[in-house]
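Below, each chain spelled out in residue letters.
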2 protein chains.
Amino acid sequence: MNRTDIETAAVRFKERYAYFIRETPLWKMPGAALGIGCREVWLKLEHTQTSGSFKARGMLNRLLSNPIPSAGVIVASGGNAGIATAAAAKVLGVRCEVFVPSVCSEAKQERLQSLGADVVVEGAVYAEALQACLQRQQETGALLTHAYDQPEVVTGAGTLAREIEMQGGCVPDSVLVSVGGGGLIAGIAAWFGDRSRLVALEPEQAPTLHEARKQGAPVDVHVSGIAADALGAKRIGSLAWQLTQDHVRESLVLADPDIRDAQLWLWKQMKLAVEPAAALGLAALQTRAYTPWQGDSVCLVVCGGNVDPATLG
Amino acid sequence: MNRTDIETAAVRFKERYAYFIRETPLWKMPGAALGIGCREVWLKLEHTQTSGSFKARGMLNRLLSNPIPSAGVIVASGGNAGIATAAAAKVLGVRCEVFVPSVCSEAKQERLQSLGADVVVEGAVYAEALQACLQRQQETGALLTHAYDQPEVVTGAGTLAREIEMQGGCVPDSVLVSVGGGGLIAGIAAWFGDRSRLVALEPEQAPTLHEARKQGAPVDVHVSGIAADALGAKRIGSLAWQLTQDHVRESLVLADPDIRDAQLWLWKQMKLAVEPAAALGLAALQTRAYTPWQGDSVCLVVCGGNVDPATLG
């Protein structure tokens, strides 16, 4: 998980999988266009990535970096990690089993099936689905993908940061990143290191990194609220813990109503239809939880678009 | 309406109104990412423009190019032209009256009001609202904006083409543009001239340019169907007629179900929430109504995002 690994992954994506991993738009505008008192805001429109979130980068990198057994790949997730794994498996033409808890909606199960995945419903909550998934993996020997805590997954996410720097022509003064299990911010930290001010953002009701920093070590937290479907990991990943300790300057939490306001603002004012987890950066600026310097360029990672459009009306 | 006028308008936007007229993203990808057999597809994401469509460019340019009387500005439109005029008037701090027919939804009227416009409901159909608007303009002397058939409006739309060329680093081999009254394609033709292959796209049920080309002159057509709210002009504008005669190579019509399929594809596969009128370019490629050469770069102008998100589900 260093810059060389990220470079290698990015070049492989570009040379052989450009029809799958998209170079998503980086949208620069004056801060004033968003009513924010800084020189520039950069919106990295990663919600338009294949599978509707940045997770396609990590999952494809995981699959390309390992021999894939005839049993294929296996994952426990009813959310973006499951969708991204299924999409990556489909493009490589390998089997994919996705374990989900019974709370996973019909619509999400159908989406996974439409990507060719075998969906297995096990248990009432995520932990039970994960347990069943791990047991099945032992039996079949399938390649397990983890939503955030595997080096290849973090490296894949890091290609997003490299892309921001290449498209932007320089390193932004700060980067605001939503954190669930921390795979995305870990990848971004691995690429930027201390060259940019990295700010971690979490919902008040899912503060895995914030609590870990308070306690001095990763701890389980209770998660709920508006962004729990995407940022609902119970504990910060061990890879993310290490990388954020080294390179993340601030860890901030935001209230659900402010996240929701920012999400609706992005739709109404910018015509960007994004999931709540993708709106934390704007919420941090709009509530002044994070106040950039006047001359700064601030990059917001708009990380996912898997939203029911009816909720944007 | 020449390149110098467009250049002047674009520089004024950038230097003084960059917080209002956005430099919207140009998203380049291999044709294969969209399942299209050409080298590159460029999506110009103009649906993320202020006011939700390209029309903000023309309306602001119209307002900046004329003295604005104390009566302010006036327009007849329940659609994107009305919204764009109201938004431009708001940013300049001048009064705005918008005449709409009674078929204009409450939601649209509220949106106009939220932009500070005085909304006047007159008549059952657009023609009657326009008549009342013109009469009112005679009384007050307010500056009239027309949705497409004024030189400053066409020039403003032309700034979009200049932006594509600057962002893309070259002229795309072809540009696919939706046509209603023709203001957008006229501006694009004024900028590109014969340097790119310009293709005009219309719904079968609103073929103003297609019929004019068949008949050899602009004629009234009956308009209906999925994109009529945005492309529902009854007759091609006189400025557009002239410019398209000179520079548009092909005029194609598309069926509503194909337009709808492309609109849903843009949402489901790309997380772009756009109005039907903005999906004609992709529909033309997906149905092979337009087949680019293998080595071509094809630019699709994604012109508007004023869609009820509930219709994307």
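Residues numbered from 1 in each chain as written. Chains lettered and ligands numbered in written order. Predicted model: local features only at pLDDT ≥ 70, side-chain atom pairs only at ≥ 80, totals over all residues. Heavy atoms only, no water.

Novice: Any chance you could explain the sheet that holds strand E5 (residues 118–121) of chain A here in plain terms?
Specialist: Backbone hydrogen bonds hold the strands of a sheet together, and the pairing may be parallel or antiparallel. Residue and element names in this part refer to chain A. In space, the four strands of this open sheet follow the order E5-E4-E3-E6, with parallel pairing throughout. Single-partner strands in this sheet number two, and they are E5 and strand E6 (143–144). As judged from the four bridges shared by strand E4 (residues 96–100) and E5, these two strands associate in the parallel manner. Residue pairing across strands places Phe99 opposite Val120, the latter belonging to E5. (Pairing = 2+ DSSP bridges. Helix = DSSP H or I, 4+ residues; strand = E, 2+ residues; numbered from the N terminus.)

Novice: What is the right way to look at the side chain of A:Ser77 in this model?
Specialist: All names here are of chain A. Within the secondary structure, Ser77 is located in the loop between strand E3 (73–76) and helix H3 (80–92). We classify Ser77 as buried; its relative accessible area is 8%. For Ser77, the side chain forms a polar contact with the main-chain nitrogen of Gly79, separated by 3.0 Å. With residues up to four places along the chain from it excluded, the contact list for Ser77 reads Gly82, Val98, Phe99, Val100, Leu112 and Tyr126. (Buried < 20%, exposed > 50% of the residue type's maximum accessible area, 1.4 Å probe, protein only. Polar contact = N/O pair within 3.5 Å; in protein donor to acceptor, adjacent residues only side chain to side chain. Contact = heavy atoms within 4.5 Å.)

Novice: Help me understand the sheet that holds strand E10 (residues 297–301) of chain A in this model?
Specialist: Residues and elements named next belong to chain A. Strand order in the open sheet formed by six strands is E1-E2-E10-E7-E8-E9, with mixed pairing between adjacent strands. At either margin of the open sheet sits one strand with a lone partner, and together these are strand E1 (26–30) and strand E9 (248–254). Sheet twist, expressed as the average angle between the axes of neighbouring strands with direction ignored, equals 20°. Judged from the five bridges that link them, strand E2 (residues 40–44) and E10 form a sheet pairing that is parallel. Paired with Trp42 across the strands is Cys299, a residue of E10. Set on the sheet, helix H10 (residues 238–247) makes contact with strand E8 (197–203) and E9; between it and E9 the angle comes to about 110°. (Axes fitted to C-alpha atoms, helices over the stretch in contact; angles between N-to-C directions.)

Novice: Would you take a moment to explain the environment of A:Gly225 for this structure?
Specialist: Residue and element names in this part refer to chain A. Its place among the elements puts Gly225 in the loop between helix H8 (208–215) and helix H9 (228–231). Taking the C-alpha atoms as reference, Gly225 lies 35 Å from Arg3; in sequence the two are 222 residues apart. When residues no more than four places from it in sequence are discounted, the contact partners of Gly225 are Gln205 and Asp256.

Novice: So what exactly am I meant to see when it comes to the pattern of salt bridges here?
Specialist: Pairing is possible between side chains of opposite charge, provided their charged atoms come close. With the rule as written, the count across this model stands at 27 salt bridges over all chains. One salt bridge connects A:Arg195 with A:Glu165, and the closest N-O pair in it is separated by 2.9 Å. Remark: A:Glu165 occurs in helix H6 (residues 151–168) and A:Arg195 occurs in the loop between helix H7 (183–192) and E8; sequence separation between them is 30 residues. A salt bridge links B:Glu23 to B:Lys14; its shortest N-O distance comes to 3.5 Å. (Salt bridge = Lys/Arg side-chain N within 4 Å of Asp/Glu carboxyl O.)

Novice: In this structure, what is going on with the relation of the copies chain A and chain B? I would like to understand it.
Specialist: The operation linking the two copies of the chain is a rotation about an axis combined with a translation along the axis. For the pair chain A and chain B, the best superposition has an RMSD of 0.0 Å and corresponds to a rotation of 180° with a translation of 0.0 Å parallel to the axis. Here the transformation between the copies is reduced to the relation of a two-fold axis. Residue A:Ala310, judged by its C-alpha, is the member of chain A lying nearest the rotation axis, at 2.1 Å. (Least-squares fit on C-alpha atoms with pLDDT ≥ 70 in both.)

Novice: Looking at this model, I keep getting lost on the pairing of strand E8 (residues 197–203) of chain B. Mind explaining?
Specialist: Within a regular strand, side chains alternate between the sheet's two faces. Residue and element names in this part refer to chain B. In terms of burial, E8 is a largely internal element, six of the seven residues being buried. Examined bridge by bridge, strand E7 (residues 174–178) and E8 share five bridges and lie parallel to one another. Paired with Ser178 across the two strands is Leu201, which belongs to E8. Read from E7 through helix H7 (residues 183–192) to E8, the crossover connection turns out right-handed. Two strands pair when backbone bridges link them, and E8 and strand E9 (residues 248–254) are joined in this way by six bridges, in the parallel orientation. Among the inter-strand pairings, Ala200 is bridged to a residue of E9, identified as Ser251. (Right-handed = clockwise from strand over helix to strand, strands pointing away.)

Novice: How do you make sense of the domain arrangement of chain A when you look at a structure like this?
Specialist: Interface size is commonly expressed as the accessible surface area that is lost when the partners come together. Residue and element names in this part refer to chain A. Under the domain assignment used here, chain A contains domain 1 (3–53 + 151–312) and domain 2 (55–144). Placing the centre of domain 1 and that of domain 2 at their C-alpha centroids yields a distance of 24 Å. Between domain 1 and domain 2, the residue contacts involve 28 residues of the former and 20 residues of the latter. When the two sides are added together, the surface that domain 1 and domain 2 hide from each other amounts to roughly 1900 Å², 55% of it contributed by carbon and sulfur. Three residues stand out in domain 1 for area buried against domain 2, namely Phe20, Ser51 and Glu152, and they jointly supply 31% of the buried area on that side. Its salt-bridge partner being Arg62, residue Glu152 comes within 2.9 Å of it at the nearest N-O pair. (Domains from an automatic or database assignment. Buried area = accessible area lost by both parts, 1.4 Å probe.)

Novice: I keep staring at the packing of H6(A) against H7(A) and nothing clicks. Help me out?
Specialist: Packed helix pairs are specified by the crossing angle of their axes together with the interaxial distance, meaning the distance between the axes. All names here are of chain A. Remark: H6 packs on H7, axes separated minimally by 7 Å, with the N-to-C direction vectors making an angle of 55°. The angle between the axes of H6 and H7 places the two elements in the oblique class. Relative to H7, the crossing made by H6 is right-handed. Mapping the contact onto sequence places Val154, Ala157, Gly158, Leu160, Ala161, Arg162, Ile164 and Glu165 in H6 and Gly183, Leu184, Ala186, Gly187, Ile188, Trp191 and Phe192 in H7. In terms of residue class, the contact of H6 with H7 is built from 10 nonpolar, three polar and two charged. (Parallel < 35°, antiparallel > 145°, perpendicular 65-115°, else oblique. Left-handed = near helix turned anticlockwise from the far one by under 90°. Nonpolar A, V, L, I, M, F, W, Y, C, P; charged D, E, K, R; others polar.)

Novice: Please explain the packing of aromatic side chains as it appears in this structure.
Specialist: Geometry of an aromatic ring pair is reported as the spacing of the ring centres plus the angle between the planes. By the definition in use, this model includes two aromatic pairs over all chains. Between A:Tyr17 and A:Tyr19, the ring centres sit 6.3 Å apart and the planes meet at 40°, which makes this aromatic pair tilted. In this structure A:Tyr17 comes out as buried when scored by relative accessible area, which is 8%. The ring of B:Trp191 carries B:Arg3 above its face, with NZ or CZ at 4.0 Å from the centroid. A cation sits over an aromatic face here: B:Lys271 above B:Trp267, 4.5 Å from the ring centre. (Phe/Tyr/Trp six-rings, centres within 6.5 Å; stacked < 30°, edge-to-face > 60°. Lys NZ or Arg CZ within 6 Å of the ring centre and 35° of its normal.)

Novice: Explain the interface of chain A and chain B to me, please; I cannot follow it from the model alone.
Specialist: Contacts between chain A and chain B engage 28 residues on the former and 28 residues on the latter. When chain A packs against chain B, the two sides together hide about 2200 Å² of surface, and 66% of this comes from carbon and sulfur. Taken together, chain A and chain B are joined by zero salt bridges. Between the two partners, chain A and chain B, sit four residue pairs in polar contact (both at pLDDT 80 or more). Its residues assigned to classes, the side of chain A that touches chain B shows 16 nonpolar, eight polar and four charged.

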